[in-house]
Every structure is written in C-alpha cells, then in structure tokens.
Amino acid sequence: MKLLIMGRPGAGKGTQAVNIREYYNIPHISTGDIFRANLKGQTKLGLLAKTYMDKGLLVPDSVTIDLVKDRLSQPDCKEGFLLDGFPRNLEQAKALDEFLKSRNESLDAVLDIDVKPEVLIDRIVGRRVCPTCGATFHIKNNPPKVEGVCDKCGGKLIQRNDDTYETAENRLKVYDNQTAPLLDYYKNQHLLKTVNGDQDFAKVFEDIKKVLTK
Ligand code: ADP
Ligand code: AMP
C-alpha cells in the first residue's frame with residue numbers, strides 16, 4: 001500500500017495514520033513529525049523549519065522535497081508507506097510523482113479526510129501530544145485518563161508551539177491557497193478517496209478501510 005493522507009490541518013490525519021500504520025503494517029511518514037524531531041535535536045534543519053512552522057508557513061520545497069525522497073528511499077518503504085503532510089503544494093506533488101516514476105512505483109490511493117472548516121480551530125487549539133511516543137489527544141474530544149499524562153506511555157503531554165489560534169488560522173489559509181488544489185490533481189489521476197472526518201474516531205477509520213478495499 002502506497003498511500004497519501006490529506007486533509008485540512010486538524011482534520012485527523014495523524015490520528016488516523018496511527019490506525020492505518022498498524023492495520024496495513026506500513027511506515028507512517030509525517031513531514032511535520034520529522035521537522036519536530038529535528039527541532040528537538042536542535043539540528044540545522046530543525047532550527048530552519050521552526051522559523052516557518054511558528055508562522056504557519058510552509059518550509060521551503062528545496063529542503064522538504066529532498067527530505068522526503070531520502071526517507072522514501074529507506075528499505076522499510078519498499079512495500080508501502082503512508083505519507084502524511086506531504087505533498088502540500090503542486091511542486092511537491094510533481095516531485096513525488098517524478099521520484100516514484102523513476103523507481104517504477106506509483107501511489108495506490110490518496111485519502112482525503114474531509115472536515116468542515118468551522119470545527120478545525122477548536123480541534124487544533126485543543127490538541128495535546130505526547131513528545132515521547134507521538135500519541136495525540138484532545139482536551140474535550142479525546143481527553144487522556146489523567147489530565148496532562150499520556151495514556152500510552154505515561155509521558156507528559158504538551159501543546160504544539162504552532163497550535164495557537166493565530167497560527168492555526170494561517171495554516172488553514174495556506175492549506176486553502178496551496179494544498180487544496182492538489183485534491184483536483186489527484187482526482188484527475190483517479191486516486192482520490194474522500195472520507196467524512198466529521199464523525200466519531202472509530203467510524204472515520206471504518207470508512208477509511210471501506211474506501212481502501214473498494
Ligand atoms: P492533523 O494530523 O490532521 O492535523 P490530528 O490527527 O492531530 O490532525 O487531530 C487534530 C485534533 O483533533 C486532535 O486533538 C485529535 O484528538 C482531534 N480529532 C481527531 N479526529 C477527530 C474526530 N474524528 N473527532 C473529534 N476530534 C478529532
Ligand atoms: P503538520 O505536522 O503536518 O501539521 O505540519 C506542521 C508544520 O510543518 C506546517 O505548518 C509546516 O510549517 C511544516 N510542514 C510540514 N509538512 C510540510 C511540507 N510538506 N511542506 C512544507 N512545510 C511542511
């Protein structure tokens with residue numbers, strides 16, 4: 001399975017990616033997670049990415065595209081992968097197509113988790129993540145059993161730096177201007193599979209499995 005998961009910021013990509021990764025046994029590659037891991041390690045890439053992430057802007061293609069190509073060249077991606085947060089503009093999508101073509105590979109499907117914009121700010125601002133194991137919670141929709149503590153590993157939950165009201169608004173604008181046009185791009189390639197992400201967590205995953213087995 002070679003998959004992309006798309007959707008507005010806060011749509012539930014990372015949440016569903018964990019289910020998909022376990023169900024299909026494929027690596028989950030999130031460019032946002034890669035940038036955050038680099039920032040945690042204080043690498044040059046992480047410090048550069050931070051200057052864009054904090055403003056809700058896209059990290060330049062010159063950095064992002066090579067990063068993804070390197071990751072997809074790793075042996076664990078040979079049989080499949082789930083890309084989350086990439087591509088985010090037409091240049092990235094074209095670069096991905098060319099890269100896969102050069103390896104005689106292609107995508108099997110592009111999942112679009114569709115959520116109406118009104119609920120997204122609340123989802124983003126209420127998100128809490130575990131920096132230790134990567135689990136995602138929400139203060140109202142999916143609270144941890146003990147406030148501030150990860151159910152899975154006991155780590156201390158944090159709020160992402162870019163999960164503020166102002167940055168979230170910017171990220172939604174960037175999505176509309178730069179990322180949304182990719183839905184037509186993949187629709188024209190007959191790859192797009194849209195799922196209603198405005199439902200209970202488990203129901204969203206049921207629908208994902210349904211559209212992927214069709
Ligand atoms: P994305 O990766 O698309 O930015 P996340 O998976 O991190 O989004 O989800 C954003 C927030 O919304 C998280 O706090 C998550 O717990 C919550 N969330 C995800 N899916 C749902 C859902 N189906 N219903 C309600 N809240 C959800
Ligand atoms: P995410 O974790 O997907 O919400 O991404 C968080 C931030 O990382 C984005 O707002 C961007 O600043 C940056 N980012 C993640 N993926 C990409 C990408 N494919 N291209 C450019 N910037 C990205």
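Structure: above.
Attention now moves to the site of ligand 2. With respect to spatial proximity, 16 residues lie near ligand 2, and among them Thr31, Arg36, Leu57, Gly85 and Gln92 are the closest. For ligand 2, a nitrogen atom lies 2.7 Å from a polar atom in the side chain of Thr31. Here ligand 2 has 480 Å² of accessible area as a free molecule, and 96% of this is covered by the chains. At 4 residues, the largest contribution of residues to the shell around ligand 2 is made by helix α2 (residues 31–40). Residues belonging to the shell around ligand 2 are distributed by class as follows: 6 nonpolar, 5 polar and 5 charged.

Turning our eyes to something else, we now look at helix α4 (residues 61–72). With 12 residues, α4 should reach 16 Å at 1.5 Å per residue; the first-to-last C-alpha distance of 16 Å fits that figure. Contacts from the buried residues of α4 go to β2 (28–30), α2, α3 (44–53), β3 (81–84) and α5 (90–102).

Another aspect to go through is the pairing of β3. Looking down a regular strand, the side chains alternate between one sheet face and the other. Burial of β3 is two-sided: the residues Phe81 and Leu83 facing one way and the residues Leu82 and Asp84 facing the other way are all buried. As paired elements, strand β1 (residues 2–6) and β3 share 4 bridges and run parallel to each other. Of the residues in β3, the one forming a bridge with Lys2 is Phe81. Note that β2 and β3 share 3 bridges and pair parallel. Each residue of the ladder has a partner; that of His28, found in β3, is Leu82.

Glancing now at the side chain of Lys13. One can find Lys13 in helix α1 (residues 13–24). Although Lys13 lies buried, it forms no salt bridge, and the closest oppositely charged side chain, Asp84, sits 5.1 Å away as judged by the N-O distance. Polar contacts involving the side chain of Lys13 include one to the main-chain carbonyl oxygen of Arg8, which spans 3.1 Å.

In the neighbourhood of ligand 1, 18 residues make up the surrounding shell, with Lys13, Thr15, Arg127, Phe137 and Gln199 lying closest. Contact distances for ligand 1 include 2.9 Å between an oxygen atom and a backbone N or O atom of Gly10. For ligand 1, a nitrogen atom lies 2.8 Å from a polar atom in the backbone of Gln199. Compared with its free state, where it exposes 570 Å², ligand 1 has 92% of that area covered by protein. Elements represented by at least two residues in the shell around ligand 1 include exactly α1, β6 (136–138) and α9 (201–213). Of the residues belonging to the shell around ligand 1, the class tally is 5 nonpolar, 9 polar and 4 charged.

Looking now at α1. Between the first and last C-alpha of α1 there are 16 Å, a value that for 12 residues agrees with the 16 Å anticipated at 1.5 Å per step. Taken together, the buried positions of α1 are Lys13, Gln16, Ala17, Ile20 and Tyr24. Angular distribution of buried residues about the axis of α1 spans 110 degrees; they occupy a single face of the element.

Read from one edge of the open sheet, 5 strands run β2-β3-β1-β4-β7, paired in parallel fashion. Both edges of this open sheet fall to β2 and β7 (192–196), since each of them pairs with a single strand only. Across the sheet, the mean angle from the axis of one strand to that of its neighbour is 20 degrees, orientation sign disregarded.

Tracing the chain through its elements places Arg88 in the loop between β3 and α5. A C-alpha to C-alpha distance of 8.8 Å links Arg88 and Met6, two positions 82 residues apart in sequence. Excluding anything up to four places from it in sequence, Arg88 contacts Thr31, Leu58, Gln178, Thr179 and Leu182. There is a polar contact of 3.0 Å between the side chain of Arg88 and the backbone oxygen of Gly85.

Per the stated rule, a full pass over the model turns up 18 salt bridges. With a shortest N-O distance of 3.9 Å, Lys2 and Glu105 are connected by a salt bridge. Residue Lys2 is located in strand β1, and its partner Glu105 is located in the loop between α5 and β4 (109–114); the two are separated by 103 residues in the primary sequence. The same class applies to Lys2 and to Glu105, which are both buried. Residue Lys209 is joined to Glu206 by a salt bridge in which the shortest nitrogen-to-oxygen separation is 3.3 Å. Placement of the pair is Lys209 and Glu206 together in helix α9, with a separation of 3 residues, close to one helical turn. Overlapping salt bridges bring together Arg127, Arg160, Asp162, Asp163 and Arg171 as one network.

How each quantity is defined
- Residues numbered from 1 in each chain as written.
- Chains lettered and ligands numbered in written order.
- Predicted model: local features only at pLDDT ≥ 70, side-chain atom pairs only at ≥ 80, totals over all residues.
- Heavy atoms only, no water.
- Near = heavy atom within 4 Å.
- Polar contact = N/O pair within 3.5 Å; in protein donor to acceptor, adjacent residues only side chain to side chain.
- Areas by Shrake-Rupley, 256 points an atom, 1.4 Å probe, with all protein chains shown as cover.
- Helix = DSSP H or I, 4+ residues; strand = E, 2+ residues; numbered from the N terminus.
- Nonpolar A, V, L, I, M, F, W, Y, C, P; charged D, E, K, R; others polar.
- Expected span 1.5 Å × (residues − 1).
- Contact = heavy atoms within 4.5 Å.
- Buried < 20%, exposed > 50% of the residue type's maximum accessible area, 1.4 Å probe, protein only.
- Pairing = 2+ DSSP bridges.
- Lys, Arg positive; Asp, Glu negative; His and termini not counted.
- Salt bridge = Lys/Arg side-chain N within 4 Å of Asp/Glu carboxyl O.
- Arc of directions from axis to C-beta.
- Axes fitted to C-alpha atoms, helices over the stretch in contact; angles between N-to-C directions.

Read these as spatial facts, not as claims about activity.
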